[in-house]
Amino acid sequence: MSKREAFLEAACKEKVDDFLRFIQLHKDKADPFDVEEVVQEMPRNQREALWGRLELLLRDILLDLPPDRWEEDMQQEAAADPKHATAVVDGVTLVATVSLKVLQDGDTYAGLLDIAHRLHEVLVSLPVSEAPLQLHIQLLYEAWWKRSLQEKEKFGRTAFIASLQKSFVLKKPGAEIQRVWSLHEVLLGLDFTSEDNKQIIDLLLQCFHRPTYIRNDDGKRFLVFLFSWHVDFIWAIHGTIKNQLGFYSKSMTTHITELYFRAWKKASGDFLEKIESSCIQDFMQNAIFLHRTSPVHAKVRQILSYFHSRKGCHSVDKMLYRLYRPILWKALSVPNFEVRANATLLFTEAFPVHDPDQNNENTDMNIQKQLDTAMGLLDDPHPTVRSIAALGVCKILAKCWELLPPTIITDFLKKLVLELAADISSPDVRCSVFKCLTIVLDNPLSHPLLEKLLPSLKYSLHDTSEKVRTAFLDMLIKIKAVRAAKFWDICKMDHLLARLAVDSHSVSRRIVDLLFKSFFPVNELEREWCCRCVTLIQMNPMAARKFYQYAHRHTAPTNIIKLMLAIRRTLNSCIQVDCDAAEINDSNKENSTAEPVTLGQDTAVVSSLLEVVVILWRSVEKALKQNEEAHTYTAAKFGNVMAKYFQAFEDERSTVPLIQLASCMPPAAVPTFSCGVLSRLRRMDSGAAPAQYSQLLDCICSWGQAADILELVTDWLTEALPKKGDNATTSRKVRIQETVEAKPDLALTYLEYLFSHTSTREKVLALGQRPLKQLHTVLGKWKSVLYSHLSSTEGPECPSVETALKAFMRHGRLGAHLQHDLTEGRDYLLSLEHVAAWVADRVLPFLTKRIGDDGEDLEKSQPLAAQITESFLTVCCDVLLVGLGDKTFKDHILHLCSLVLLSEAGYLCIPAVLPILKEVANCCVPEDEHQGQENREHAAPVILGVVANIFQKIIELLARRLRKDPEEGIQLCQSAVPGLTDFLQVAQTWDRAPLGGVFSTVFAVIIVEKRHLLQKITHPEEMITPQTVEDMPPLSSILLSIILKSPSITRSFLAEVCSSLDSEAISSVMELAAVLHVLAVIKHTERSKAGLKSAAVSVQQQLHKHAASSADSGDIQRVIYESSVTTLNEMLQL
C-alpha cells in the first residue's frame, strides 16, 4: 500500500492513531514524510475523499468531546482525552491548510468547506490555553481569504478579528500587526452601518490608543487605510485621537501627525473633503480657540506645524489657503487677546497663506495685505500678541528675506529694533525681540542691515528685567558665533564688565561666555593670559573676580593651573624673587621664556591677582585632588614663596586672599604661617571682627586641625566658669606656650562661626563624639552662671549674663547637631528635655514678680528670666523645624509652653511660644487632602488638642494685656503678628478638630471685643459700620489684618463664621451686629466673595428672628438692628 493510500485510510476515527502518527512524522524534520507532498500527489478524487473522511473524523471527535469541555476535562480524569482531541483537530487543520496550497481550479472542495465550518465552531469555543491551535486555524482562514474561496468574507473576518485581538495582548505584536495589515481588505466587504460589525469598529478605534500600532510601519499603513474605509468612520477616528491627544508625548504626536498627513495625501472625493473639514480644519479652530495653558493646545500646534512645514507643495498650499480663509483672518481681529495671539502664531507660521492657482498679480496683492497685517500685529494693544508677532515676523524675515522688498525688510527691523526692543510697557515684548532676532541672524543676508541697526540696543544690557538682559546677551553670543558684527560695537566693553560685576548668575555666565576668548586666549602664551588678566583687573576688579569664577567652565583645569603659575611669576617680579633653575626649566617647558608682566607698586592690582589665584584654585580644587602629582607640584610652587608674600604684601586686602590661598595648601607647604595660626587665634581680642578670624578658622579646619581649635574653645569655656573651692586648677596638662587668659566670648564667637558654615561644620563634626560631648558638657555648666545672675548671687569675677546666655543657646544648638549627626538614640534630646525641666524649676519662678530680702523688687530678674525662656524656646523651635523632635520631646516642650503662659509675666514669651505651636502643628497636619491621619503619629489628635488649648490661652493673654496696659498690649500684639500669621496658615490646612477650633477661638475673641464696644453705645450717632481693619478694636484689628493677608486663611475664617451662625451659637442682635461689622471689613477688601455671601445669608436667617422684638425695644437696640439690616442688604447685593 502506497503512502497516499495509507494516509487516506488513516483519516477516520477507527485509525485515528495512525493519522496522528502520520502528522507527527510530518512535523519531524528528520523524516522524509511530507503531508503537503502526499496531498499534492493525490488525484482529485482521492483529495475529495480525504477531505470528506477528515470532516467525518472531525465531527466524531467533537461530538465525543466538544471544545468548551477541553479545559474542564483536563483538570479531572475523563474517558475522552482533551489532549488527544486537540491533536486530532490540529492535524485536520494542518491537512486543510496544505490542501489549500495544492487546490487547483475546478476542484470541488465541499468537504474542505465543511472542515472550515467545523473549525469555525472550534475557534469560537477554544480555551485560552490552546493558543497554538488557535493560530493554526487563524492561518487556515487567512490562506482561505487570500485564495478567494467560497465564504471568504466570513473566514476572513474571523481571521482579521483574531489577529486584531491578539495584537492588543502580545508583548511583541509586530508579526501580528503585519498579519492585520495583510488582511486589511477584509474591511472592504464589511458594512460599517451594520450592528453586527459594532465589535470590529470598537476594536479598530482601539488601534489608535495603541503606541505599538502608531509607531509600527505596518501599523501606520493600516491606520492610514482606516481613514479610507468609510466616510463616517473618519469622525470617529478623529474624536478618539482628540480624546487622547493631551496624554501623548511629543514623539507620539509626531507619529499621529504623520498619520493625518498620509491619510490626507491618499484621500480623494468625499474622503478628502471629510478629512479636511472634520480633522485638519478642526485642529485649526482648536489651535485658535483653545487656552494656551491647555495640555492639548501644544499638541494641536505641533500637528499643524507639520502641515506648515510641507508648504511649497501645490496641494498643501491650496489646502491651507482654503481651510484658513474662513477662520484665520476673523480671529486676528477679535476682542479676546488670547485668540488673537493664537491666530497670530498660526498666521506667521503658515505665511504666506495663498492660492497657488492665482495669477502673480493677485498673489502679490494677497501677500502685501498679509505683510500689512503682520505690521499691524506688532502694534497690537496686548503684549502677548506683540511678543508672538515679533516671533512670527522674525521667522518670516529669516525664511523669505530674498523674496521681500528691501523697504519692507527695513520697516520690519526698525519696528523691532527701535520700538519693540524699547517697549516700556512689557518686558516680555523686549525679551521676545532679542530672542527672535537670533532667528533672523541665521540668514547671512541680514547681517549688513542688522550691523547698522543693532548698536542702538546697547543700553538693553542694563534693562530692569533679568530675562531681557539674558536674552540680549544670548543675541550678542549669536552675533559673535555667526560673525554678523563685532559685539563690542553693539555694547561697549566697560558696560559688559560693569554688568558682570553686579549681575546674577545667569547673566554673568553669559557675559563670561561672550568675553572668554578676549581675556583668556588659550591659543596664546601664558604671559599673554596674565597680561589680559591684569588688564581686566585694571578695567574692573570686581568683574575680574566674577570672570575667573566661571573660567573653569570654558577651559581645561590644566590651563587654569598654568594661569595660576603665570600669575605667580608676575607676583614674584613685584618682590624681586629670583627664579631657581628648576623654575626656569619649567618656564621653558611652558613656552613662557619671555619676561613676566611687571606691576611696579600697584598694590590694588597685586591684591586682585591674589584673589584671582584663590578663585582659580578653588575652581579646580576637585581636579587637583584627583591628580596628586599636579596638586603637590602646584602647592610646592606657591609654598616656596608664601612666606615672602606675607612679608611683602602686608595690607589687609592682600592678607585675606593669602590666608585663603594658604588654606588650599597642606600646612607643610606653608610651615612659617601654619605654625602661628593657632597662636594668632589665641591672642585675638574678644571684640574681633569676623574678617580677622574667619579666614584663620577656615585654614585650621582645612588643614585637619579642627581638634586644636575645639580644644582651645573647650579650655576657655571651662576656665571662665566660676571655680568651686580653692582646689581648682587652671590647667590640666603641661604646655610649652604663652599663658593667655580665658576668653569665653571669643570662644563662643569661634564656635558660632564653625557651626554656621558648612565646610567648617563638617570638619568639626568629623572629630567624633568624645571632644564634642566634652564641649557639650562644658556648655551645659553655664546654666549655673545664668542662675547666679537670676538670683543676684553672682560673684565679682562671674562672667557676664550675655556670655552665659550665648553659651546656654550654643549648648542647645550643639545638642541638636550631635543628635542629628552622631547618635542613633535620643541622648541629646533627653539633654534638651532636662534643660526644659531646669527652665521650669529654676527660671519660671522669676517670671512671677517677687520682692527681695531687702524689700526691693528684683527688677532685673524678670526680664532676664523671659530672655532665658525665649532663648531656649527658640532653640527648641529650630530642633522641631529640622525634624529632630519626637513625640516625647514635643510633649515636654508643650508642657513647658503651658507653664510659661501660666506664669505671671508669661505673656512676654508669647512671640517665642507661637513658632513652637506652628512647628508642632506642622508635623501633624496632612500634607495633602488624600493623606489621612492614619499616616501621621498615633497621638497627633492629642498633641493638636494641647496646641489648640495653648493658642486659646495666648489669645486670652493678649486680650488681658490690652485691657490692663493698652500701650504695652499693642506692642506685644505687634511682636506676635509673624507667629500668629504662620500658625494660622498651618491651622487652615487642618479643617477638622482639634485644630479646627483655632478659628473658633479667633472668631470668638473678635466678636466678644466688638460686642463689648457696641454695648457701650449711648447715642445713635455712635453706630458706625467699620470700613477697614483700623476701624475695629485693637485685638480684632490685628487678627483681621493677619486673616485678610491670606485668601486661604480668609476662607477658613469665613467657614467658621458660617458654622457658628448655623449652630446658633450666636443669636443676640449685638452679636449679629458684631458679625456684620467683621463681614463689612472683609467685604471692602474684596476677598472670598462666595464665602462672604454664604456668611451673610446665615446672618440673615438669624437676624429675621429679631425683627419683632427689635421694634419694641429701646432706641439703641433698634438703631443697631436697623444698621445691621442695611449692612446686610448691601452684602447680599454682591
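All values reported here derive from a predicted model rather than from experimental measurement. (Residues numbered from 1 in each chain as written. Predicted model: local features only at pLDDT ≥ 70, side-chain atom pairs only at ≥ 80, totals over all residues. Heavy atoms only, no water.)

Peer 1: Would you mind going over the overall build of the chain in detail, with residue names and values included?
Peer 2: Within the chain one finds 58 helices and 0 strands. A total of about 52,700 Å² of accessible surface is found on the chain, and carbon and sulfur atoms cover 51% of it. (Helix = DSSP H or I, 4+ residues; strand = E, 2+ residues; numbered from the N terminus. Areas by Shrake-Rupley, 256 points an atom, 1.4 Å probe, with all protein chains shown as cover.)

Peer 1: Account for the packing of aromatic side chains, with residues named and values stated.
Peer 2: Counted by the stated rule, this structure contains 34 aromatic pairs. An angle of 85° between the planes, with centres 5.0 Å apart, marks the rings of Phe-547 and Tyr-548 as edge-to-face. A residue is classified by how much of its surface remains accessible, and Tyr-548, at 0% relative accessible area, is buried. Where Phe-808 meets Phe-872, the ring centres are 6.2 Å apart and the plane angle is 40°; that geometry is what we call tilted. Taken together, the residues span a long stretch of sequence, with Phe-808 in helix H45 (residues 801-821) and Phe-872 in helix H47 (residues 861-881) at a distance of 64 residues. Here Phe-808 matches Phe-872 in class, with each residue buried. Put simply, the rings of Phe-516, Phe-519, Phe-520, Trp-529, Phe-547 and Tyr-548 touch in pairs and so form one group of aromatic residues. (Phe/Tyr/Trp six-rings, centres within 6.5 Å; stacked < 30°, edge-to-face > 60°. Buried < 20%, exposed > 50% of the residue type's maximum accessible area, 1.4 Å probe, protein only.)

Peer 1: Can you tell me about the nonpolar core, naming the residues and giving the values?
Peer 2: Inside soluble globular proteins, nonpolar side chains tend to come together where they are buried. Among the nonpolar cores identified, the biggest contains 387 residues, and Phe-222, Tyr-548 and Phe-1053 are the most heavily contacted of them. With sequence-adjacent residues up to four places away left out, Tyr-548 is seen in contact with Phe-519, Phe-520, Cys-533, Leu-536, Leu-563, Val-612, Ile-615 and Leu-616. (Core = buried A, V, L, I, M, F, W, Y, C linked by side-chain atoms within 4.5 Å. Contact = heavy atoms within 4.5 Å.)

Peer 1: I'd love a proper account of the side chain of Ser-871, names of residues and values included.
Peer 2: Structurally, Ser-871 is set in helix H47. A relative accessible area of 9% means that Ser-871 is categorised as buried. With residues up to four places along the chain from it excluded, the contact list for Ser-871 reads Leu-805 and Met-809.

Peer 1: Help me get a handle on the packing of helix H50 (residues 940-964) against helix H52 (residues 997-1015), residues and values and all.
Peer 2: Between H50 and H52, the shortest axis-to-axis distance is 9 Å and the interhelical angle comes to 15°. Viewed along their axes, H50 and H52 adopt a mutual orientation that is roughly parallel. Of the two possible hands of crossing, H50 and H52 adopt the one that is right-handed. Packed against H50, whose contacting residues are Phe-951, Gln-952 and Ile-955, the element H52 presents Val-998, Thr-1001, Val-1002 and Val-1005 at the interface. Here the residues of the contact of H50 with H52 sort into 5 nonpolar, 2 polar and no charged. (Axes fitted to C-alpha atoms, helices over the stretch in contact; angles between N-to-C directions. Parallel < 35°, antiparallel > 145°, perpendicular 65-115°, else oblique. Left-handed = near helix turned anticlockwise from the far one by under 90°. Nonpolar A, V, L, I, M, F, W, Y, C, P; charged D, E, K, R; others polar.)

Peer 1: Explain helix H40 (residues 706-720) to me, using residue names and the numbers behind them.
Peer 2: With 15 residues, H40 should cover 21 Å at 1.5 Å per step; its first-to-last C-alpha distance of 21 Å lies within 8% of that length. For H40, the full list of buried residues reads Ala-706, Ile-709, Leu-710, Leu-712, Val-713, Thr-714, Asp-715, Trp-716, Leu-717 and Ala-720. In this fold, the buried residues of H40 make contact with helix H38 (671-683), helix H39 (690-702), helix H41 (744-756), helix H42 (758-765) and helix H43 (769-780). (Expected span 1.5 Å × (residues − 1).)

Peer 1: Outline the environment of Val-620, listing residues and values.
Peer 2: With respect to the helices and strands, Val-620 occurs in the loop between helix H34 (603-619) and helix H35 (621-626). On the basis of relative accessibility, which here comes to 3%, the residue Val-620 falls in the buried class. Considering only alpha carbons, one finds Val-620 and Ile-561, 59 residues apart in sequence, at a separation of 8.0 Å. Discounting residues that sit within four places of it in the chain, Val-620 has contacts with Pro-557, Ile-560 and Ile-561.

Peer 1: Which residues make up unusual backbone geometry, and what are the values?
Peer 2: Residue Pro-352 is reached from Phe-351 by a cis peptide bond, and omega for that bond is -5°. Within the secondary structure, Pro-352 is located in the loop between helix H20 (337-350) and helix H21 (360-377). Residues other than glycine seldom take positive phi values, yet Arg-483 does so here, at roughly 55°. Within the fold, Arg-483 resides in the loop between helix H26 (466-482) and helix H27 (487-490). Taking the relative accessible area as the measure of exposure, Arg-483 reaches 76% and is therefore exposed.

Peer 1: Account for helix H10 (residues 174-182), naming residues and giving values.
Peer 2: Among all positions of H10, only Glu-176, Ile-177, Arg-179 and Val-180 are buried. Down the axis of H10, the sector holding all buried residues measures 155°, keeping them to one side. (Arc of directions from axis to C-beta.)

Peer 1: Please provide a residue-by-residue account of the confidence of the model for the chain, values included.
Peer 2: Across the chain, pLDDT averages 84, with 90% of residues at or above 70. Within the model, pLDDT remains below 50 along residues 726-738, and this stretch shows 10 contacts once partners closer than five positions in the same chain are excluded. The low-confidence segment residues 928-938 (pLDDT under 50) makes 14 contacts with residues lying over four places distant or belonging to another chain. (pLDDT = per-residue confidence, 0-100.)

Peer 1: Got a sec to walk through the packing of helix H51 (residues 966-987) against helix H53 (residues 1034-1045)? Specific residues and values, please.
Peer 2: The interhelical angle for the contact between H51 and H53, taken along N-to-C directions, is 40°, at an axis separation of 10 Å. Of the possible angle classes, the one that applies to H51 and H53 is oblique. The element H51 and its partner H53 pack so that their crossing is right-handed. Along its contact with H51, which presents Cys-973, Gln-974, Val-977, Leu-980, Thr-981 and Leu-984, the element H53 presents Leu-1035, Ile-1038, Leu-1039, Ile-1042, Ile-1043 and Lys-1045.

Peer 1: Describe in detail the pattern of salt bridges, supporting the description with residues and values.
Peer 2: What the rule picks out here adds up to 31 salt bridges. In this structure, Asp-355 and Lys-318 form a salt bridge, with 3.1 Å as the shortest nitrogen-oxygen distance. Placement of Asp-355 in the loop between H20 and H21 and of Lys-318 in helix H18 (residues 314-324) is noted, with a sequence separation of 37 residues between them. With a relative accessible area of 11%, Asp-355 lands in the buried category. Residue Lys-318 is classed as partly exposed on the basis of its relative accessible area of 26%. Within the structure, one salt-bridge network assembled from shared partners comprises Lys-220, Glu-258 and Arg-262. (Salt bridge = Lys/Arg side-chain N within 4 Å of Asp/Glu carboxyl O.)

Peer 1: Any details on the environment of Ile-214? Residues and values, ideally.
Peer 2: With respect to the helices, strands and loops of the structure, Ile-214 is situated in helix H12 (residues 211-215). Residues Ile-214 and Thr-253 lie 39 residues apart in sequence; the distance between their C-alpha atoms is 9.6 Å. With residues near it in sequence (within four places) discarded, Ile-214 still touches Cys-207, Phe-208, Lys-220, Leu-223, Tyr-248, Met-252, His-255 and Ile-256.

Peer 1: I'd like to hear about the state of the cysteines, residue by residue, with values.
Peer 2: Here a disulfide denotes a covalent bond joining the sulfur atom of one cysteine to the sulfur atom of another. A full pass over the atoms with the stated rule returns 0 disulfides. Here Cys-574 is not cross-linked by a disulfide; its sulfur's nearest cysteine counterpart is in Cys-530, at 9.4 Å. With no disulfide partner, Cys-877 has as its closest neighbouring cysteine sulfur the one in Cys-876, 8.8 Å distant. (Disulfide = S-S within 2.5 Å.)

Peer 1: With reference to specific residues and values, describe the environment of Ser-305.
Peer 2: Relative to the helices and strands, Ser-305 resides in helix H17 (residues 295-309). Residue Ser-305 is classed as partly exposed on the basis of its relative accessible area of 23%. C-alpha of Ser-305 to C-alpha of Leu-346: the two residues are 41 residues apart in sequence and 8.4 Å apart in space.

Peer 1: Break down the side chain of Lys-415 for me, citing the residues and quoting the values.
Peer 2: In this structure, Lys-415 sits in helix H23 (residues 406-419). Overall, Lys-415 belongs to the buried group, its relative accessible area being 11%.

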